[in-house]
Amino acid sequence: MNIESIVGSEQVCKGTDNGDLPSYVSAFIEKEVGNDLKSLKKLDKLIEQMTESKIQVEEQVLTISSEIPKRIQSALKNAEESKQFLNRFLEQETHLFSSINSHLLTAQPWMDDLGAMINQIEEIERHLAYLKWISQIEELSDNIQQYLMTNNVPEAASTLVAMTELDIKLQESTFKFWHKILKDKLTSDFEEVLAQLHWPFIVPPQSQTVGLSRPTSLLKLQTSYLIEYSLPASPSVILPIQIMLTPLQKRFRYHFRGNRQTNVISKPEWYLAQVLMWIGNHTQFLDEKIQPILDNVGSAVNARLEFSRGLMMLVLEKLASDIPCLLYDDNLFCHLVDEVLLFERELHSVHCYPCTFASCMHILSEETCFQRWLTVERKFALQKMDSMLSSEAAWVSQYKDITDVDEMKVPDCAETFMTLLLVITDRYKNLPTASRKLQFLELQKDLVDDFRIRLTQVMKEETRASLGFRYCAILNAVNYISTVLADWADNVFFLQLQQAALEVFAENNTLSKLQLGQLASMESSVFDDMINLLERLKHDMLTRQVDHVFREVKDAAKFYKKERWLSLPSQSEQAVMSLSSSACPLLLTLRDRLLQLEQQLCFSLFKIFWQMLVEKLDVYIYQEIILANHFNEGGAAQLQFDMTRNLFPLFSHYCKRPENYFKHVKEACIVLNLNIGSALLLKDVLQSASGQLTATAALNEVGIYKLAQQDVEILLNLRTNWPNTGK
């Protein structure tokens with residue numbers, strides 16, 4: 001029997017590949033027949049199946065064997081045809097390459113001749129164009145000359161403008177020639193008119209009737225010049241204003257340069273005041289006479305601002321020359337900065353000088369000058385802080401005798417310090433760049449921190465007298481500074497600085513994503529670090545005061561703790577209820593300290609103080625007096641009278657319902673003073689309550705909300721006036 005017919009070609013191949021065909025056949029027979037002789041009946045069917053499988057495999061092999069040669073033959077044929085096509089293309093390419101080379105050799109002389117001709121044509125065209133422009137310029141020059149001969153200067157200026165508009169790359173000598181002639185002519189005429197007007201005006205001008213026509217023509221001769229400072233980009237001052245500024249420039253340089261008595265480096269206010277006076281004296285004339293002329297020719301220039309800008313150049317030049325001479329003299333430099341800031345303020349507020357124009361702040365923002373400004377500002381601020389803290393009136397409020405004004409009880413040193421910070425802000429807020437403003441902001445934060453440290457040092461000297469006047473004044477100062485900084489954080493100016501700081505921090509990766517997010521969402525402010533430190537100091541100081549008063553109150557309550565609560569007469573046995581004598585020291589101490597601190601602390605601080613004190617006092621009375629004793633009916637009534645009619649009213653001046661701040665004591669008094677029936681019922685309910693909700697409802701019904709069920713059960717057991725049940 002053929003093995004393939006028995007086990008199938010695929011299985012035989014697999015067995016052969018594994019190199020163990022006999023074993024595989026044996027295993028197959030063992031699987032199909034086994035040891036059961038009855039299984040031999042299957043052999044016929046098995047042989048039949050294997051024979052069919054053999055026939056199918058042979059047919060597949062024959063089919064594949066017949067197809068493969070055909071495919072190979074077809075592929076060979078295609079390859080041969082491709083080779084023939086490729087050979088033909090190569091022959092054509094060789095022929096074409098040869099033809100092209102032959103054509104190029106033949107055409108080369110023609111190309112050389114044609115290129116030479118094209119170059120000649122282009123040169124002739126350039127010559128023609130040049131002659132054309134020369135002809136136009138000669139024609140325009142003739143026109144200008146004729147206009148000047150007939151004294152028609154406006155038309156001459158218009159013709160010169162037409163000449164400048166010619167888009168040609170020729171020498172500018174012709175233009176410069178006529179520009180100088182026209183400029184000199186117009187300048188001379190304009191100066192004659194100004195002389196008739198008695199220009200410049202040393203005092204405010206009277207009404208003038210002389211006609212002005214030359215500025216219109218002068219505008220057409222405008223050229224630009226460069227300014228040698230790091231100033232905002234801007235066009236040069238228009239030519240008519242330049243001419244009008246000339247006599248003032250001469251006067252300025254005469255008086256404020258060289259060895260003149262008016263050129264005193266320690267008196268910058270002299271030349272600054274002079275410039276402001278010139279601007280003021282000429283404002284009306286510029287607005288009423290010059291501005292209409294500019295408007296008529298469609299110019300967007302504001303004559304008054306253009307005049308101010310020209311004079312500002314004189315100031316900037318003077319500043320740039322003076323600053324290096326006084327940079328390291330603190331007093332002179334500080335005086336210069338003060339005068340410049342006053343000058344800038346009047347220039348912007350009175351004369352409406354735009355912040356986008358070049359100003360003295362740009363000179364002060366130069367690196368060397370700016371760093372010196374910061375140093376001097378810090379030095380003088382620290383000196384003022386030393387002075388204000390060493391003053392005899394440092395801790396006294398300026399408004400101590402004016403109740404309505406003195407709500408915050410701010411000591412003089414704190415108010416002076418915040419005024420100093422406010423002045424610094426006013427000095428740097430007009431700086432041209434946010435980066436410079438941020439550097440000043442850091443200076444302010446450093447000063448706040450320095451002042452906080454100084455307050456802390458003084459406070460530590462007063463620790464033993466934490467209820468004294470100076471200690472309270474320091475606390476008021478800390479609270480005032482923190483409050484003002486929190487208000488400043490919402491100011492538009494500081495919000496803009498916060499946005500600028502956010503951009504800087506984002507670029508430098510100096511903050512975490514959380515901190516950046518808080519700044520961006522306005523959850524935090526530029527003063528948060530300072531405010532947090534001040535608030536911590538305030539809390540520590542208040543805590544020390546509360547602890548001090550609390551110790552005094554505990555000491556005064558030692559006899560009250562030992563009151564005989566078990567044997568006091570009931571309310572029915574007394575004609576009138578009166579305060580326990582042992583409670584008097586406690587209440588007197590408490591009253592005196594409350595009055596003292598109410599007078600010495602501002603309202604907001606005193607409110608925090610008494611609420612912190614009440615919180616400790618409530619727990620103390622509850623734990624040390626109530627839970628530490630047992631009460632008969634008279635003792636419970638006396639405790640309730642002492643608390644509700646004497647202790648609680650001490651605080652009624654500060655809030656409407658003081659008992660709500662003594663929740664432990666108030667509710668303990670309720671439990672201790674329940675009538676016998678209600679107390680028994682409550683006790684039974686609490687002992688038999690199936691759930692928390694039932695117990696809570698029962699407690700709420702008698703007015704208990706703060707105390708827990710276990711606390712109430714303890715309080716009920718402190719009562720001694722239970723009926724005798726025989727148990």
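Residues numbered from 1 in each chain as written. Predicted model: local features only at pLDDT ≥ 70, side-chain atom pairs only at ≥ 80, totals over all residues. Heavy atoms only, no water.

Per an unreviewed UniProt entry, the protein goes by RAD50-interacting protein 1 and derives from Sciurus vulgaris. Under the UniProt heading Sequence similarities (unreviewed entry), the note attached to the protein is "Belongs to the RINT1 family." (UniProt positions renumbered as here; feature names shortened; annotations may be inferred.)

Asker: Talk me through the side chain of Lys 318; I want residue IDs and the actual numbers.
Answerer: One can find Lys 318 in helix H10 (residues 303-326). From its side chain, Lys 318 meets the backbone oxygen of Phe 256 in a polar contact 2.8 Å long. The contacts of Lys 318, once residues within four sequence positions are left out, are Phe 252, Phe 256, Asn 263 and Tyr 271. (Helix = DSSP H or I, 4+ residues; strand = E, 2+ residues; numbered from the N terminus. Polar contact = N/O pair within 3.5 Å; in protein donor to acceptor, adjacent residues only side chain to side chain. Contact = heavy atoms within 4.5 Å.)

Asker: Residues and numbers for empty space enclosed by the protein, please.
Answerer: Considering all chains together, one arrives at one cavity of 30 Å³ or more under this definition. Along the walls of the largest cavity sit Tyr 560, Leu 579, Ala 583, Leu 586, Leu 587, Ile 621, Asp 642, Met 643, Asn 646 and Leu 647, which together make up its complete lining. Those elements that provide at least two residues to the lining of the largest cavity are helix H21 (584-600) and helix H23 (633-647). Per element, the largest residue contribution to the lining of the largest cavity is four residues, and it comes from H23. Tallied by class, residues from the lining of the largest cavity come to eight nonpolar, one polar and one charged. (1 Å grid on protein atoms, 1.4 Å probe; cavity = no way out; pocket = protein on both sides within 12 Å on 5 of 7 lines; lining within 4 Å. Points joined across faces, edges and corners; volume = space filled by probe spheres on them. Nonpolar A, V, L, I, M, F, W, Y, C, P; charged D, E, K, R; others polar.)

Asker: If you had to explain the pattern of salt bridges to someone new, which residues and values would you point to?
Answerer: Here the structure, examined in full by the defined rule, presents 26 salt bridges. For the salt bridge of Glu 317 with Arg 257, the shortest nitrogen-to-oxygen distance reads 3.4 Å. Residue Glu 317 is found in helix H10, and its partner Arg 257 is found in the loop between helix H8 (239-256) and helix H9 (268-296); the two are separated by 60 residues along the sequence. Put simply, Asp 338 and Arg 427 hold a salt bridge, and the shortest N to O gap is 2.6 Å. Here Asp 338, found in helix H11 (residues 330-349), pairs with Arg 427, found in helix H14 (residues 412-428); they are 89 residues apart in sequence, far enough to count as distant. Classification of Arg 427 by relative accessible area gives buried; the value is 14%. Bridged by salt links that share partners, the residues Arg 253, Arg 257 and Glu 317 form one connected network. (Salt bridge = Lys/Arg side-chain N within 4 Å of Asp/Glu carboxyl O. Buried < 20%, exposed > 50% of the residue type's maximum accessible area, 1.4 Å probe, protein only.)

Asker: Please set out the packing of aromatic side chains residue by residue, giving values where relevant.
Answerer: Using the criterion set out here, one finds 25 aromatic pairs in the structure. Seen in terms of ring centroids, Phe 493 and Phe 494 are 5.2 Å apart; in terms of plane orientation they differ by 75 degrees. Their pairing is edge-to-face. On the basis of relative accessible area, Phe 493 is assigned to the buried category, the value being 15%. Ring-pair connections join several aromatic residues into one group, and the members of that group are Phe 370, Trp 373, Tyr 428, Phe 440, Trp 488, Phe 493, Phe 494 and Phe 527. Positioned above the aromatic ring of Phe 380, the side-chain terminus of Lys 379 is 5.8 Å from the ring centre. The ring of Phe 550 has Lys 616 sitting right over it, with the charged end atom 5.0 Å from the ring centre. (Phe/Tyr/Trp six-rings, centres within 6.5 Å; stacked < 30°, edge-to-face > 60°. Lys NZ or Arg CZ within 6 Å of the ring centre and 35° of its normal.)

Asker: Give a description of the nonpolar core that names residues and reports values.
Answerer: Residues Trp 373, Phe 417, Leu 485, Phe 609 and Leu 647 are the most contacted members of the largest nonpolar core, which totals 167 residues. If you tally residues by element for this core, the top one is helix H22 (residues 603-626), at 13 residues. Sequence-distant contacts of Phe 609, defined by excluding residues within four places in its chain, comprise Leu 542, Gln 545, Val 546, Val 549, Leu 594, Leu 597 and Leu 601. (Core = buried A, V, L, I, M, F, W, Y, C linked by side-chain atoms within 4.5 Å.)

Asker: Go over the environment of Asp 529 with me, naming the residues and quoting the values.
Answerer: With respect to the element layout, Asp 529 can be found in helix H19 (residues 528-556). Residue class for Asp 529 comes out exposed when judged on its relative accessible area of 52%. Between the alpha carbons of Asp 529 and Lys 445 there is a distance of 8.9 Å; along the sequence they are 84 residues apart.

Asker: Go over the packing of helix H15 (residues 434-461) against helix H16 (residues 469-488) with me, naming the residues and quoting the values.
Answerer: For the pair H15 and H16, the least separation of the axes is 10 Å and the interaxial angle reads 160 degrees. In terms of orientation, H15 and H16 fall into the roughly antiparallel class. The handedness of the crossing between H15 and H16 is left-handed. For the pair H15 and H16, the contacting residues are Val 448, Phe 451, Leu 455, Val 458 and Met 459 in the first and Arg 470, Tyr 471, Ile 474, Ala 477, Val 478, Ile 481 and Leu 485 in the second. (Axes fitted to C-alpha atoms, helices over the stretch in contact; angles between N-to-C directions. Parallel < 35°, antiparallel > 145°, perpendicular 65-115°, else oblique. Left-handed = near helix turned anticlockwise from the far one by under 90°.)

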